[in-house]
Amino acid sequence: MNYLKIAAAGLLAGTMSFGAAQAQETVKIGLVIAMTGQQASTGKQLKAAVELYMKEHGDMVAGKKIEVILRDSASVPDNSKRLAQELIVNDKVSILAGFEVTPAAMVVAPLATEAKVVELVMAAGTSVITERSPYIARTSFTLPQSSVIIADYALKNNMKNIVTMVSDYAPGADAEKSFTGQLTAGGGKVIESIKIPLANPDFAPFLQRAADAKPDALFVFVPSGQGATFMKQFAERGLDKAGIKVIGPGDVTDDDLLPQMGDAVLGVVTAHMYSADHNSPMNKKYVEAFTKANNFRPNFMSVGGYDGMHLIYEALKKTGGKADGDSLIAAMKGMKWESPRGPISIDPETRDIIQNIYIRKVEKKNGQLYNVEFQTFNDVKDPGKIKK
Amino acid sequence: MLTILFDGVAYGMLLFVLACGLSVTLGLMNLINLAHGAFAMAGGYTTVVLVNSFGVPFFLSLPLAFLVAAVIGLVMERAVYVHVYRKPHLEQVLLTIGLVFMAVAGTDYVMGTSQVFANTPEVLHGQFQFFGVGIGRYRLLIIVVCGVLAIGLQYILTRTRFGSRLRAAVDDQRVAQGLGINVNGIFALTFAFGSGLAGLGGALGTEILGLDPTFPLKYMIYFLIVVTVGGTSSITGPFVASLLLGISDVAGKYYVPKLGAFVIYTIIIVVLIWRPQGLFSRASAK
């Protein structure tokens, strides 16, 4: 009997010390992204970027081995939550990363708080996300960042009467609200606000309504992936010839789809934080390596993934390999570095990203369509949080 | 106003071509084929690949899309579907939804996840004014093609020998077989034709609906709406239902954009309360 007890205790101690030893050697990152379903293009970009970063920088940081565990959310936020829970409980991950859409990032927030695990948002763009948990940091962008800037651009270029057209979910509402606020404060007018259902097959009726309002410009936000259909129908309806300009955050001229959009998209002006055409040696190298490995162009989602990995690596170096949520998030605050998109940093107060926002126009370069940057706004904080 | 009507008709016609194959297989052959959209997707990708990679003219690629989808349909019918004709509906649903997921994943693997478009010829771009009505050229093409198809189908089904054989085979398989009608052959042909139509619809629809690997899942609900509202025993039913849905969807989104997405669902509910068997169903259909 005694003998048995000792054996059991020994076994228990053995497994415990084994577990601890393992935890010291590897840092696990749970990457929860959509590899299938509506947001699959975002997942594909993120995965490619994460892989590229690890190929370039190796998988050893501060004496720890980095292990990325990829889980497919199938574009369903409920899945993201379940997968995040499994990753925390079963796989004992130190960091949860990814999250292709706002709802996915939001449902995981309470888990991150409870488990004291860092949640690194690499894609979703609604302003409020980082307030949902003290363990959230973001390397993508927020929609108000670009919406406010493009509103200023519209005012300066004499576009006073504007119709807004946004997808009807949190980031769309964010984009619309911050754009409208900035525009009306500057003397412009939104003559009509149209909300499009998120899963919408045909833009025709909404575009017709926008056309009949005869605005100077159309402010558009559709999620990454729907931009091409939108631009096709915009041209089909002859709105480009009617002198209506398209402006908006850069989602509508997503680099992933831009090459297929046709000439209708020429001249569209957007504000965003990344273009594959961004002129810096680092970006040239990034685009070349990315395209070589994947056969498609990196888009703004990809840099979120690439910089996300960089943030994790640097934070681990700073903590000397300590991977608990509190040390990591503390290390991430205020981190500054050079990204393919330009200089960026993590706001120490909000844990949100501070970055340059560029105004770009779609032009043809070597027979390919690109967002060509022509104006830069330095170190833009999320306007959604400044107001508070 | 008339522009909206025109857009609605074009959208409805497109839904009709996409969904009428489904109504044929469901109504006439009593087979629930949720994978119908997969055939539409096959047609769509055929056009995209032919036009973009091989430089086949767009207009020629449309009949080819029909053919490719029809051949896939024929093979699938003989290889897979033939085993579930007599099985309960639940098993048919499980099998076909499985096929949908396979099609989605397979296409994803081969073609990539992002949306694709076929390069359409210059003739089809833009809009022209006709008595003050803005007419999109591409949408006009859809209306013409689909209108001709609808008339042709109605003719085949009601006026030709093949049509009467098909109807006989559906009404009572055993008697039809006893009279020397090759029921299996007719079913196979009908299934292939329905798939072909879906393929054509998919090819025509890429420009307006967009095409990506999730196409069969995204539009399944629309196909099912057309078939439920239209009833399954004729071509006229789904045709009228498609137009009704197309026009009300477009008009609803134009006039009350806030409610836009709900308009068609409201219409289904009203129609189904009023006529649970669909608009044009024979009340006593088995």
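These numbers were taken from a predicted model, which means no experiment stands behind them. (Residues numbered from 1 in each chain as written. Chains lettered and ligands numbered in written order. Predicted model: local features only at pLDDT ≥ 70, side-chain atom pairs only at ≥ 80, totals over all residues.)

Draft legend 1. Region of interest: the overall build of chain A. Tallying secondary structure elements over chain A gives 12 helices and 15 strands in all. For chain A, whose C-alpha radius of gyration is 22 Å, the value lies close to the compact-globule estimate of 21 Å for 388 residues. By residue count, 55% of the 388 residues in chain A fall in the buried class. Counting only contacts in chain A whose residues sit at least 6 apart along the sequence, the fraction spanning at least 24 positions is 70%. (Helix = DSSP H or I, 4+ residues; strand = E, 2+ residues; numbered from the N terminus. Rg over C-alpha atoms; globule rule 2.2 N^0.38 Å. Buried ≥ 20, exposed ≤ 12 C-beta atoms within 10 Å, placed from the backbone. Contact = placed C-beta atoms within 7 Å.)

Draft legend 2. Main features of the interface of chain A and chain B. Tallying the contact residues gives 27 residues for chain A and 27 residues for chain B. Mapped onto the side of chain A that touches chain B, the elements with two or more residues apiece are α2 (40–57), β8 (189–196), α7 (204–212) and α8 (227–236) of chain A. Among the residues forming the side of chain A that touches chain B, the class breakdown is 10 nonpolar, nine polar and eight charged. (Nonpolar A, V, L, I, M, F, W, Y, C, P; charged D, E, K, R; others polar.)

Draft legend 3. Here's a closer look at the pairing of strand β1 (residues 26–33) of chain A. Residues and elements named next belong to chain A. Counting buried positions along β1 yields six of eight residues, so the element is predominantly enclosed. Pairing analysis gives eight bridges linking β1 to strand β3 (residues 64–72), with the strands arranged parallel. If you follow Gly30 over to β3, its bridge partner there is Ile69. Strand direction decides the pairing type here: β1 and strand β4 (residues 95–98), joined by four bridges, are parallel. Considered in β4, the bridge of Leu31 is made with Ala97. (Pairing = 2+ DSSP bridges.)

Draft legend 4. Structural detail: the domain arrangement of chain A. All names here are of chain A. Here the domain parsing of chain A yields domain 1 (2–141 + 281–351) and domain 2 (144–272 + 357–386). Contacts between domain 1 and domain 2 engage 18 residues on the former and 17 residues on the latter. Put simply, the parts of the chain that give the side of domain 1 that touches domain 2 at least two residues each are α2 and α10 (300–319). Counting residues per element, the side of domain 1 that touches domain 2 draws most heavily on α2, which supplies three residues. Considering only residue class, the side of domain 1 that touches domain 2 consists of five nonpolar, 11 polar and two charged. (Domains from an automatic or database assignment.)

Draft legend 5. Just the sheet that holds strand β5 (residues 118–121) of chain A, in detail. All names here are of chain A. In space, the six strands of this open sheet follow the order β2-β3-β1-β4-β5-β6, with mixed pairing throughout. This sheet does not close on itself; its edge strands, each paired only once, are β2 (60–61) and β6 (136–138). Bridge analysis of β4 against β5 gives four bridges, and the strand direction is parallel. What sits directly across from Ile95, in β5, is Val118. With respect to the sheet, α2 is in contact with β1, β3 and β4, its orientation differing from that of β1 by roughly 160°. On the sheet, helix α11 (residues 325–332) packs against β4, β5 and β6 and is oriented at approximately 40° with respect to β5. (Axes fitted to C-alpha atoms, helices over the stretch in contact; angles between N-to-C directions.)

Draft legend 6. Quick peek at the pairing of β3 of chain A. Residue and element names in this part refer to chain A. Relative to β3, β2 is paired through two bridges, and the arrangement is antiparallel. Pairing of Met60 across the sheet is with Lys65, part of β3. Between β2 and the antiparallel strand that follows it, β3, lie two residues; Ala62 among them carries a positive phi value of about 45°.

Draft legend 7. Layout of the nonpolar core. With 199 residues, the main nonpolar core has Ile95, Leu96, Leu120 and Met165 of chain A together with Leu14, Val17 and Val226 of chain B as its most contacted residues. Here this core spans two domains, and each of domain 1 (2–141 + 281–351) and domain 2 (144–272 + 357–386) of chain A adds at least three residues to it. In contact with Ile95 of chain A, not counting residues within four places along its chain, are Ile29, Val117, Val118, Leu120, Ile312 and Leu328 of chain A. (Core = buried A, V, L, I, M, F, W, Y, C linked by C-beta atoms within 7 Å.)

Draft legend 8. Structural view of α8 of chain A. All names here are of chain A. The element α8 is largely enclosed, with a buried count of 10 among its 10 residues. Turning to α8, its buried residues are Gly227, Ala228, Thr229, Phe230, Met231, Lys232, Gln233, Phe234, Ala235 and Glu236. Following α8 by one or two positions, Gly238 adopts a phi angle in the positive range, close to 75°.

Draft legend 9. Local environment of helix α5 (residues 143–156) of chain A. Residue and element names in this part refer to chain A. With 14 residues, α5 should cover 20 Å at 1.5 Å per step; its first-to-last C-alpha distance of 20 Å lies within 8% of that length. Where burial is concerned, most of α5 is hidden: 10 out of the 14 residues are buried. Looking one or two places after α5, you find Asn158, whose phi comes out positive at around 65°. (Expected span 1.5 Å × (residues − 1).)

Draft legend 10. The packing of helix α1 (residues 2–29) of chain B against helix α8 (residues 183–209) of chain B, seen in detail. All names here are of chain B. Two numbers describe how α1 lies on α8: the axes approach to 7 Å, and their chain directions differ by 160°. Considered as vectors, α1 and α8 are oriented roughly antiparallel to each other. Considering the relative orientation of α1 and α8, their crossing is left-handed. Taken together, the residues that form the contact of α1 with α8 break down as 14 nonpolar, eight polar and no charged. (Parallel < 35°, antiparallel > 145°, perpendicular 65-115°, else oblique. Left-handed = near helix turned anticlockwise from the far one by under 90°.)

Draft legend 11. Layout of the packing of helix α3 (residues 58–79) of chain B against α8 of chain B. Residue and element names in this part refer to chain B. α8 packs onto α3 with a crossing angle of 140° between their chain directions and a minimal axis gap of 7 Å. Relative to α8, the element α3 is oriented oblique. Here the hand of the crossing between α3 and α8 comes out right-handed. Counted by class, the contact of α3 with α8 contains 17 nonpolar, seven polar and two charged residues.

Draft legend 12. View of the environment of Ile186 of chain B. Residues and elements named next belong to chain B. With respect to the element layout, Ile186 can be found in helix α8. The sequence separation of Ile186 and Arg165 amounts to 21 residues, and the corresponding C-alpha distance is 7.9 Å. Here Ile186 is in contact with Arg165, Leu166, Ala169 and Ile181, once residues within four sequence places are set aside.

Draft legend 13. Layout of unusual backbone geometry. Residues and elements named next belong to chain A. Phi is positive for Ala74, close to 55°, though the residue is something other than glycine. Not every positive phi belongs to a glycine, and Asn158 is a case in point at roughly 65°. Topologically, Asn158 is positioned in the loop between α5 and β7 (161–167). Under the C-beta neighbour-count criterion, Asn158 is labelled exposed, with 9 such atoms within 10 Å.

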